[in-house]
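One-letter residues, chain by chain:
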Amino acid sequence: MTSSADVVDDLHRRGLIAQSTDEGELRAALAAGPVTYYCGFDPTARSLHVGHLIQFMVLRALQRAGHQPIVLVGGATGLIGDPRPSAERTLNSPELVAEWVERIRSRVAPFLDLPAAEQGLSAPIYVNNLEWTAPLSAIDFLRELGKNFRVNRMLAKEAVSARLNSDAGISYTEFSYQILQANDFKELHERHGCTLQTGGSDQWGNITAGTDLVRRTHGVSVHALGTPLITRADGTKIGKTEGATVWLDPELTSPYAFFQYWLGIDDVDARAWLPLFSERPADEVAALVQASVDRPQGREAQRALAEDLTRLVHGEAELHQAEAAGRALFGRDDLTALGESTLTASLGEAGAVELSDDDLVDGALPTVAALLQRTGLATSLSDARRTVKEGGAYLNNERVTDAEAAPDPAGQLAGGWLVLRRGKRNIAGVRLPR
RNA sequence: GGCGGGUUGCCCGAGUGGCCAAUGGGAACGGACUGUAAAUCCGUCGGCUUAGCCUACGAAGGUUCGAAUCCUUCACCCGCCA
């Protein structure tokens, strides 16, 4: 457990702080005793994704230094929409947002509900800003809150000004967002004595709107910490990109896929991200980064990231299964040597489809193209045929040349499994009917 | 309320009557090279019963042998004026 005095140093060392309000004051406050702090997550999708992980790293570090975390899920702000620089958000229905709030909240527990060994630290408080935002009347909003905001300053916020200068413009709805988020800080200050907000630096404008509001309404100086925006070496955002979002919810991204994501990241990113995401001691992290420089092919940094994060998000048991599955399936040349239990477990992690007798046509199996589609390795039959034509489809590690051919049942592995692969690392199992 | 501009495939963005399933770039996917890396090169990139057919260029109608391209109405966005 880190002592209160070092926690800011520790966060700096790990690269988790991009900006902060008066740091001297903040250090003094953290040293003086337990501080109540919060971080908010808006329900803009069914699940949080790896881009959100950094917030949990900060929340955890502060919690282990003895401070009191509050996790806010934005049931209200999720209905309004935080302005993005690019374009207006489409509004989601209240029912959908409420469903997402529940889903997200239920997935947050593993990050902060500490195991028995670490008890004595503060359990997180969970709140939903709908609780105080829904009852707010238009009159109160305008008289009590609005009076504290200068439009001039609101216009200067980065996301707002970007939108004012673009074709898209900005709706009054989204323009109001920062007032709601600022009010969250004020409410949490009043309800729980919260004096620190953490969040991504893309939220900095909203966060400081909150510290300003608390100062104006209570004459109290409260604090904020902003995490850096994590980008990949190629400049794209971590996690939420088109088509390839890595979610934290195991129903959306399996622990196996999650583990593989981290194992597959490039060297530059692995070295940069390990300090951010690993809670290993500083010297051990430094050694792993050095190892990546000396022996990049060993992929030790990637492996450490994959292990630490899979354990954190999905737990020890899932980590072991994901690891074992990867080992078995990437062994490449000796699939026939794998036993039924290994195959069943590995393919279950990677993604598997069970065929029934109804899937057989005159006793013959579906075509390779059909199986690629069934397993999700290809999005359509056309995509599957294309993949075969490109030489990217493999059955039991043998390249497939005819998309319309049905696999020979004699080629089945232990337990009636066929291993389908697309490209180097997309693997799925097909189990033949008994 | 008036006038003008816009809405194209995952994204950006060409295309002003047939040669358009639609130039180009990016993303993505596959192959080669590697280390389940990056860079590079090559290929693919709406769907299907795949030498053919179907669906698509905001929506619905219309003109035409033929429309992403012309006309009408509607929806939404942007700008200027009131």
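Residues numbered from 1 in each chain as written. Chains lettered and ligands numbered in written order. Predicted model: local features only at pLDDT ≥ 70, side-chain atom pairs only at ≥ 80, totals over all residues. Heavy atoms only, no water.

A. Examining the protein's contact with RNA strand B more closely. The environment of RNA strand B is made up of 28 residues, and the closest members are Asp267, Ser382, Arg385, Arg422 and Lys424. Within 4 Å of the protein, the atoms of RNA strand B are drawn from sugar and phosphate moieties in a proportion of 67%. Separating a phosphate oxygen of RNA strand B from a backbone N or O atom of Leu381 is a distance of 3.0 Å. The contact in question runs from a phosphate oxygen of RNA strand B to an N or O atom on the side chain of Asn426, over 3.0 Å. Broken down by secondary-structure element, the contributors of at least two residues to the surface near RNA strand B are helix H13 (255–263) and helix H20 (381–389). A per-element tally of the surface near RNA strand B places H20 first, with four residues. Considered class by class, the residues forming the surface near RNA strand B number six nonpolar, nine polar and 13 charged. (Near = heavy atom within 4 Å. Polar contact = N/O pair within 3.5 Å; in protein donor to acceptor, adjacent residues only side chain to side chain. Helix = DSSP H or I, 4+ residues; strand = E, 2+ residues; numbered from the N terminus. Nonpolar A, V, L, I, M, F, W, Y, C, P; charged D, E, K, R; others polar.)

B. Focus on H13. Extensive coverage of H13 is indicated by the burial of eight of its nine residues. If you check which residues of H13 are buried, you get Pro255, Tyr256, Phe258, Phe259, Gln260, Tyr261, Trp262 and Leu263. Residues of H13 that are buried make contact with helix H3 (53–64), helix H14 (267–277), helix H16 (300–314), helix H17 (316–329), helix H18 (340–350) and strand E11 (426–431). (Buried < 20%, exposed > 50% of the residue type's maximum accessible area, 1.4 Å probe, protein only. Contact = heavy atoms within 4.5 Å.)

C. View of the UniProt feature "short sequence motif: 'HIGH' region" (unreviewed entry) in chain A. With numbering matched to this structure, UniProt assigns "short sequence motif: 'HIGH' region" (unreviewed entry) to residues 43–52. Annotated as 0% helix and 0% strand, the span residues 43–52 places its first and last C-alpha atoms 12 Å apart. (UniProt positions renumbered as here; feature names shortened; annotations may be inferred.)

D. Summary view of a positive patch on the surface. Positive charge collects at one region of the surface, where Arg299, Arg303, Arg327, Lys424 and Arg425 lie side by side. As for its position among the elements, Arg303 is in helix H16. Owing to a relative accessible area of 35%, Arg303 belongs among the partly exposed residues under this scheme. (Patch = residues over 30% accessible without salt bridge, like charges linked within 9 Å, V, L, I, M, F, W, Y side chains within 5 Å. Areas by Shrake-Rupley, 256 points an atom, 1.4 Å probe, with all protein chains shown as cover. Salt bridge = Lys/Arg side-chain N within 4 Å of Asp/Glu carboxyl O. Lys, Arg positive; Asp, Glu negative; His and termini not counted. Charge placed at Lys NZ, Arg CZ, Asp CG, Glu CD.)

E. How the structure looks around the pairing of strand E2 (residues 36–41). Most of E2 is tucked away: five of the six residues are buried. Where E2 lies against strand E3 (residues 68–73), six bridges are found, and the strand directions are parallel. Bridge pairing in E3 places Phe41 opposite Val73. Following the backbone out of E2, through H3 and into the adjacent parallel E3, one traces a crossover that is right-handed. Bridge count for E2 against strand E5 (residues 196–200) is two bridges, and the pairing is parallel. (Pairing = 2+ DSSP bridges. Right-handed = clockwise from strand over helix to strand, strands pointing away.)

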